[in-house]
Amino acid sequence: MKLSFHGAAGDVTGSCYLLEGNGTRILIDCGLYQGSRELEEDNADDFGFDPTAIDYLLLTHAHLDHCGRIPLLVDRGFKGEIITTAASRELARLVMLDAAGLQEEEARYLNRRAQRRGRPGAEIVPLYTILDALNALESFGRVAHYNQPLQLAPGIQATFIDAGHILGSACIMLEVTEGSKPRRILFSGDLGLNARPILRDPAPPPQVDVVVMESTYGDRQHKQLQPSIKEFYEAIVATVRRGGNVVIPTFALERAQEILFYLHAGREQGVLPGTLQVFLDSPMAISATQIFKRHPECYDPETAELFRTGRDPFEFPGLHFTRETAESMAINKIAGGAVILAGAGMCTGGRVRHHLKHNLGRRQCSVVFVGFAAQGTLARQIVDGAKTVKIFGDDYPVLAQVHTIGGFSAHAGQAELLAWHRQTGHPETTFLVHGEKESMTVLGGLLTNTKVMMPEIQQSYQL
């Protein structure tokens, strides 16, 4: 049996792992690299394996860095079956189509700009198109249900276990029998936190032989949630008093819904001003919010009760859903008193860059980061204190107040990662992935019940 690593190995994005056993090739995730231009170029490179030889793709969840290269995989010859949960299936469709649309839009913009500046050069083409994304949807087959084993091939079963990260997210355990010896390999996907709103807590993992585990926050704990909520409300109130706007770069899945949940609560509690205007300026986040409402099987009991009694936590006075481009552009005419949630969360694309362009240079305004910012992204540059940043090829000063509020993360912190791993028993080997070098090294030093490996990209191991 062989396990190889084709993404998120020594890095945080691009999750993609290949297990070969019993004559079957199973891919776990096929995500997009996000960050620097070099990483973006890596997306177009060879996968490191033959897409035509893959029998199954099991998707842990629908974040772009886990599903974003699926259209490219299908375009390059993948003919197998994609299996994921019902909620992840809906969200992955949304994410892939949105990514394709953004890539097409970006290519058109860059080609037009090159023409205007008299430097046309070679035509820039998107990584994949909307048509490619639609074609990829044809490969989605069976729906996985939590804790119900799925037979993939003789001697191979897959079980999806609730990861509590985003709607529909799962850890995936593969049970592979070669000869008479069964082996259990557990892929953590991205792990969530306990006692968070909306979704259930992560389910306890089974005891296994091998673990492939994320390590995003392996070197630190998150801020406590309640102080983070208080800091969030204070940043909004202070900005409104200064006469400015609050720009929140927002991941469309889970983070946007969680922020709406807390804005709703702040309005109900009277902590936030009643005149506050909130704009969810992300067609994908708007659609994702509708998908959330269709999957109560993923809710925690408190959120399920809110919906049961008709108190939608994603709706409140002053909230505006802006799907159309003209509506988005009109927001930039508002001088103050607005909270603008827009994607992408790492500011690598989407409408948030337009809002940053109009608000970053105003001292009255604030930019509030509520999620992870990978190395090389525009979000990371602002978080790290850059005085000027480049947006659409032009330099803009950073004069707005910048807030980084870590307590909203959808990822498990160090203590939760260690507690989760302890429940896997005494695995022979644990492969740490989906983390920067420092976080993996720190976490690896704390794992005492297993042999720890930190694979490099395209590295393979015999199990």
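Below: a short report on this structure.

1. A look at the sheet that holds strand E5 (residues 81-85)
Sheet architecture is open: seven strands sit in the order E6-E5-E4-E3-E2-E1-E22, paired in mixed fashion. Since the sheet does not close on itself, it has two edges, and those belong to strand E6 (140-144) and strand E22 (460-462), each with one partner. Direction aside, the axes of adjacent strands within the sheet are offset by 20° on average. Here strand E3 (residues 24-28) runs beside strand E4 (residues 56-58); their pairing, made up of three bridges, is parallel. Residue pairing in the sheet places Ile 28 in a bridge with Leu 58 of E4. Taken strand by strand, helix H4 (residues 86-116) contacts E5 and E6, and its axis lies near 140° from that of E6.

2. What to know about the pattern of salt bridges
Side chains that carry opposite charge are capable of pairing whenever their charged atoms lie near each other. Evaluated as defined, the whole model comprises 23 salt bridges. As a salt-bridge pair, Lys 2 and Glu 20 come within 3.7 Å of each other at their nearest N and O atoms. In this pair, Lys 2 is assigned in strand E1 (residues 2-5) and Glu 20 in strand E2 (residues 17-21), connecting sequence segments 18 residues apart. With a shortest N-O distance of 2.8 Å, Arg 308 and Glu 305 are connected by a salt bridge. Remark: Glu 305 and Arg 308 occur in helix H9 (residues 301-308); sequence separation between them is three residues, near one turn of the helix. Since its relative accessible area comes to 62%, Arg 308 is described here as exposed.

3. Let's talk about H4
Spanning 31 residues, H4 covers 45 Å between terminal C-alpha atoms, matching the ideal 45 Å at 1.5 Å per step. A positive phi of about 75° marks Gly 118, the residue just after H4.

4. Details of unusual backbone geometry
Look at the link from Gly 343 to Ala 344: it is a cis peptide, with omega at 10°. Mapped onto the elements of the fold, Ala 344 is located in the loop between strand E15 (338-342) and helix H11 (352-359). Phi is positive for Ala 195, which is not a glycine, with a value near 60°. In this structure, Ile 198 is a non-glycine residue whose phi angle is positive, near 80°. Position of Ile 198 relative to the elements: it lies in the loop between strand E10 (181-187) and strand E11 (210-214).

Cut-offs and rules
Residues numbered from 1 in each chain as written. Predicted model: local features only at pLDDT ≥ 70, side-chain atom pairs only at ≥ 80, totals over all residues. Heavy atoms only, no water. Pairing = 2+ DSSP bridges. Helix = DSSP H or I, 4+ residues; strand = E, 2+ residues; numbered from the N terminus. Axes fitted to C-alpha atoms, helices over the stretch in contact; angles between N-to-C directions. Contact = heavy atoms within 4.5 Å. Salt bridge = Lys/Arg side-chain N within 4 Å of Asp/Glu carboxyl O. Buried < 20%, exposed > 50% of the residue type's maximum accessible area, 1.4 Å probe, protein only. Expected span 1.5 Å × (residues − 1).

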